[in-house]
Amino acid sequence: MKRELLLGNQAIARGAWEAGVRFAAGYPGTPSTEILETLAHYPDVDVQWSANEKVAFEEGMGAAIGGLRVLVAMKHVGLNVAADPFMVFPYAGTNGGFVVVSADDPGMHSSQNEQDNRYLARMAKVPVLEPSDAQECKDFVKLGLELSEAYGAPLMLRTTTRLAHHKSLVSLDEPQPVSRRTFTADARRFSVPIYRRLLRPQVEERLERLRQYAEGSPINRLEAGDASVGIVTSGIAYQYAKEVLPHAGVLRLGMTHPLPTNLLREFCSKHEKVYVIEEGEPFIEEALLALGITNIEGKARFGVIGEYSPERLKSALGLGEAPHDHAAEIRILSRPPMLCVGCGHRTVFSSLRQLKVTVAGDIGCYTMGALPPYEASHTTFCMGASIGTAFGLERAGEERVVAVIGDSTFVHSGIPSLVDAVYNGSHLTLVILDNSTTGMTGGQPHPASGRRIRGEAAPKLDLAAVCRSLGVEQVETVDTWDRKAINGALRRALAHAGPAIVIAKGPCQRLPEMAGREITPYIVDESLCTQCEACFKVWCPAILRSESGFPTIDPVECTACTVCAQVCPTEAIYPAVHLHAPSQTSAGTP
Amino acid sequence: MLASATQADKVHNILFAGVGGQGVLLAAELTALAALRMGFDVKQTEVHGVSQRGGSVECHVRFGPRVWSPMVTPGEADLVVGLEKLEALRFAHFVQRSYGTILVNDHAIIPGSVAGAQETYPFHAIEFLQQKSYRVMAMPASRVARDLGDGRMVNTVMLGAASALIPIPEETWLSVLESRLPARFRDANLKAFAAGRVLAAGSA
């Protein structure tokens, strides 16, 4: 059998393909993005990025009741957006297998909060599977689809960052042929609000049958060990527990909702002390306490905030402190994130800073506008929140409020807020950073980019036309690398009596068509340079300081965005006539 | 490595550290693939922030007969491979003090977004680590890569040096490089890899 090293996310995609998933949808979000990106490489699967997670979920729901096997994938906060259908779908139950992947991000590597979506699943009465390695990521997708069909249950596969973003060995199988299940249009089943009281009892009955399944399922696995110490664990934390306490008895829960209450009672009664080791909230621990089991220790010992690791477990168990870094003895500079070389967001934040406006930001690379050197973004909460927050700040009495949102985020959840702002008489200024991609997650297409997930051409949403159609009269589209144009458009927008929009347009430098194009990099003419530092204040990672103190531009990194040349008062920066060969560059420039 | 583990069930712990854009992930992936060819159980993981470029990147590779955690625990790495001085310093404490080695590219990339970074960058990081009695092997990998025609091959030079300290035969490494790297980069990277092995032999 062929074995490969796969990311947890790649293994989920492989499992979906092998199990005959025919429709898959989602919205990019770390740490879930690679699932659909990988699945798009397999044939015979209808894979797409949707406008947002709610839409993706509903499309998947339709495909599943229509009889297909379906996978929808999103990060933890994405499920908040999809929570409405997520809570109701179980009332109807599914026809074809339906698995939603919730990729939780303990440690908040690329998220605004920590959120354990097992609670959402419990609220929705949806069963939860938690794999512990890449092989199980693949296997549990298949099992999840089978259980989903057998019990009519929409099912959640919960991952966390380390599981999603680690690689381990996976045995590859051939895809199994799965035919579409019969769909019967049946209002008594699928018109939930009308027949809600009829449908309600089956949700409880299904959950009880699933609990009985959990009691005997091989994925809730007992591993014999010492009678003194037992471990109840799930997900990637299982690996850490095995690493640190190799001799303990283990109950590894592959299914964490509904929980196998009898199995848990029995396991805990056979061990003097039981450690509950789970990433996120005390989900299993609270269930044990509710069962009246008291010989357990969980979050009080191991903590609730952040990612788990073997180091953390060792330290919590008093098995030795891992060595610390040398920050107390030597300055270890941090490397904070910064906007890429040539990023078009730079000019907008420079201008906003200069204009001294209050800025409600949004989710994307441009959250970095809040950091030095710009410090020109003052609030960020969640996807699409910029416009509503700006509206509220304005109502609270703030003058000169600007909302800043990316193109993908605007399509995701900004449009209804703009409708509302126009309707309710706001005069806010909105900047749409239109870089033709979902940049922060690595560059995924969206409805306003004119491409679909496999790169094929798609109808392109015209953002300016959308804004005008919503009733905004002042809409200007400007070249995002033109400092004067950006500044002028912002000033006009702020002066406008009604709501006004500036679309700062210019593709993300990471897009293949940008990264692959031929450019003439810019150079610094030391005979004209007065070392006035203006170009350093562009904060471009390609502008380095030579030993003589002059600025120097890395010719490989330079994207010829021209912004440094625009700020230079002595015109000392201009395009190099001859393209520098890569061999003349230093390695690993920032 | 656990205290109770014998040589037969030894898990090898390698940590690659560098700056986004230096090719840290590729070096780690090639190591994981080489270990896989040897028939080991292998796990790999990476930690990096939101920035695609310019941020600190750490990549963990563990292999042996049976590997649990994908993450290396501080104090247990057989090898810390720093593609940049500050990053080697940042992750030095991951190395196992009695038998582990820190391989470091004697090259500084000053964080552009930190005010005063030029003045406060720890240029003496290598000397500091030597004073702290770490086993440090410093090498001019960036210069060597540049001399070979492309400074971006610094990751391959460092991987070559690391390979000399990892118990996997040279032919396995070469076959992984040949199958994994695109044809147009292959010959240059094989030279870079060989140069790295020479550097390791020279500083041993």
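Residues numbered from 1 in each chain as written. Chains lettered and ligands numbered in written order. Predicted model: local features only at pLDDT ≥ 70, side-chain atom pairs only at ≥ 80, totals over all residues.

Asker: What am I meant to see in the overall build of chain A here?
Answerer: Scanning chain A from N- to C-terminus turns up 22 helices and 23 strands. Counting every position in chain A, which comprises 590 residues, the buried fraction comes to 53%. A sequence separation of at least 24 residues applies to 74% of the contacts in chain A between residues at least 6 apart. (Helix = DSSP H or I, 4+ residues; strand = E, 2+ residues; numbered from the N terminus. Buried ≥ 20, exposed ≤ 12 C-beta atoms within 10 Å, placed from the backbone. Contact = placed C-beta atoms within 7 Å.)

Asker: I keep staring at the overall build of chain B and nothing clicks. Help me out?
Answerer: Within chain B, the regular secondary structure consists of eight helices and six strands. Counting from the amino terminus, helix and strand elements in chain B follow one another as β-α-β-β-β-α-β-α-α-β-α-α-α-α. Scaling as 2.2 N^0.38, a compact globule of 204 residues should have a C-alpha radius of gyration of about 17 Å, and chain B matches this with 16 Å. For chain B, the residues scored as buried account for 57% of the 204 residues in total. Considering only contacts within chain B whose residues lie at least 6 apart along the sequence, 65% involve residues at least 24 apart. (Rg over C-alpha atoms; globule rule 2.2 N^0.38 Å.)

Asker: Any chance you could explain the sheet that holds strand S9 (residues 220-223) of chain A here in plain terms?
Answerer: Sheet strands pair by backbone hydrogen bonding; their relative direction is either parallel or antiparallel. Residue and element names in this part refer to chain A. Read across the sheet, five strands follow the order S9-S11-S10-S13-S14 without closing on themselves; strand pairing throughout is mixed. In this open sheet, the two strands that pair with only one neighbour each are S9 and strand S14 (296-297). Sheet topology places strand S13 (residues 273-277) next to S14; two bridges connect them, and they run parallel. Its bridge partner being in S14, Tyr 275 is matched across the sheet by Glu 297. Of the strands in this sheet, S9, strand S10 (226-233), strand S11 (248-253), S13 and S14 are in contact with helix H12 (residues 261-269), which crosses S10 at around 150°. (Pairing = 2+ DSSP bridges. Axes fitted to C-alpha atoms, helices over the stretch in contact; angles between N-to-C directions.)

Asker: Could you clarify how one ought to interpret helix H10 (residues 192-216) of chain A in this entry?
Answerer: Residue and element names in this part refer to chain A. At Leu 198, H10 shows its largest kink, close to 60°, and the proline Pro 201 lies no more than four residues downstream. Where H10 is concerned, the buried positions are Leu 199, Leu 210 and Ala 214. Its buried side turned inward, H10 meets helix H5 (83-92), helix H7 (134-151), S9 and strand S12 (255-257). (Bend = angle between axes of the 7 residues up to and from the residue.)

Asker: Please explain the confidence of the model for chain B as it appears in this structure.
Answerer: In low-pLDDT segments, the atomic positions of the prediction should not be examined closely. Residue and element names in this part refer to chain B. Averaged over every residue, the pLDDT of chain B is 91; residues scoring 70 or more account for 92%. Below a pLDDT of 50 lies the segment residues 1-5, which in the model reaches six contacts outside its immediate sequence neighbourhood of four places, other chains included. The ipTM value of the predicted complex is 0.93, and its pTM value is 0.95. (pLDDT = per-residue confidence, 0-100.)

Asker: What am I meant to see in the packing of helix H16 (residues 345-355) of chain A against helix H20 (residues 483-495) of chain A here?
Answerer: Any two packed helices are characterised by the angle at which their axes cross and by the distance between the axes. All names here are of chain A. One can describe the packing of H16 onto H20 by two numbers: an axis separation of 9 Å at closest approach and a directional angle of 50°. Accordingly, the angle class assigned to the pair H16 and H20 is oblique. The element H16 and its partner H20 pack so that their crossing is right-handed. Contact residues: Thr 347, Val 348, Ser 351 and Leu 355 in H16; Arg 483, Ile 486, Asn 487 and Leu 490 in H20. For the contact of H16 with H20, the per-class residue count stands at four nonpolar, three polar and one charged. (Parallel < 35°, antiparallel > 145°, perpendicular 65-115°, else oblique. Left-handed = near helix turned anticlockwise from the far one by under 90°. Nonpolar A, V, L, I, M, F, W, Y, C, P; charged D, E, K, R; others polar.)

Asker: How do you make sense of the domain arrangement of chain A when you look at a structure like this?
Answerer: Interface extent is often summarised as the accessible area lost during association of the parts. Residue and element names in this part refer to chain A. Along its sequence, chain A is carved into domain 1 (3-216), domain 2 (220-316), domain 3 (345-513) and domain 4 (518-584). Counting residues at the interface gives six residues for domain 3, matched by eight residues for domain 4. In terms of residue class, the side of domain 3 that touches domain 4 is built from two nonpolar, two polar and two charged. (Domains from an automatic or database assignment.)

Asker: Which parts of the structure should I look at to understand unusual backbone geometry?
Answerer: Residues other than glycine predominantly adopt negative phi, and peptide bonds predominantly adopt the trans conformation. Residue and element names in this part refer to chain A. Of the consecutive residues Thr 30 and Pro 31, the connecting peptide bond is found in the cis state with omega at 5°. Within the secondary structure, Pro 31 sits in the loop between strand S2 (23-26) and helix H2 (34-39). Residue Pro 373 is bonded to the preceding Pro 372 through a cis peptide linkage, with omega at 5°. Residue position: Pro 373 is located in the loop between strand S15 (358-360) and helix H17 (385-395). Unusually for a residue other than glycine, Met 108 sits at a positive phi of about 50°. Relative to the helices and strands, Met 108 is located in the loop between strand S5 (98-104) and helix H6 (118-124). Given 14 C-beta atoms within 10 Å, Met 108 falls into the partly exposed group. Not every positive phi belongs to a glycine, and Glu 375 is a case in point at roughly 45°.

Asker: It is not clear to me how the nonpolar core should be interpreted in this structure. Could you clarify?
Answerer: One recurring pattern in soluble globular proteins is that nonpolar side chains are buried together. Core analysis: the largest hydrophobic core is formed by 166 residues, its most contacted members being Ala 24 of chain A together with Val 80 and Met 158 of chain B. For this core, the element with the most residues is helix H1 (residues 24-37) of chain B, which contributes nine residues. Aside from chain neighbours lying at most four places away, what touches Met 158 of chain B is Ala 27, Val 81, Leu 83, Leu 103, Asn 105, Ala 141 and Gly 196 of chain B. Ranked by size, the runner-up nonpolar core spans 64 residues in total, among them Phe 349, Val 431, Met 440 and Cys 540 of chain A. (Core = buried A, V, L, I, M, F, W, Y, C linked by C-beta atoms within 7 Å.)

Asker: Would you mind going over the interface of chain A and chain B with me for this structure?
Answerer: With 45 residues of chain A at the contact, the number on the chain B side is 56 residues. The set of elements that each furnish at least two residues to the side of chain A that touches chain B consists of strand S8 (166-171), helix H11 (237-244) and helix H15 (310-316) of chain A. Across the side of chain A that touches chain B, the residue classes break down as 20 nonpolar, 15 polar and 10 charged.

Asker: So what exactly am I meant to see when it comes to the sheet that holds S8 of chain A here?
Answerer: Pairing within the open sheet is mixed, and its eight strands lie in the order S1(A)-S8(A)-S2(B)-S3(B)-S1(B)-S4(B)-S5(B)-S6(B). At either margin of the open sheet sits one strand with a lone partner, and together these are strand S1 (3-7) of chain A together with strand S6 (136-139) of chain B. Between one strand and the next, the sheet's axes are offset by a mean angle of 20°, whatever the strand orientation. Strand direction decides the pairing type here: strand S1 (residues 12-19) of chain B and strand S3 (residues 56-64) of chain B, joined by eight bridges, are antiparallel. By the bridge assignment for S3 of chain B, Ala 17 of chain B is matched with Glu 58 of chain B. Contacting S1 and S8 of chain A, helix H1 (residues 8-18) of chain A runs over the sheet at an angle of about 115° to S1 of chain A.

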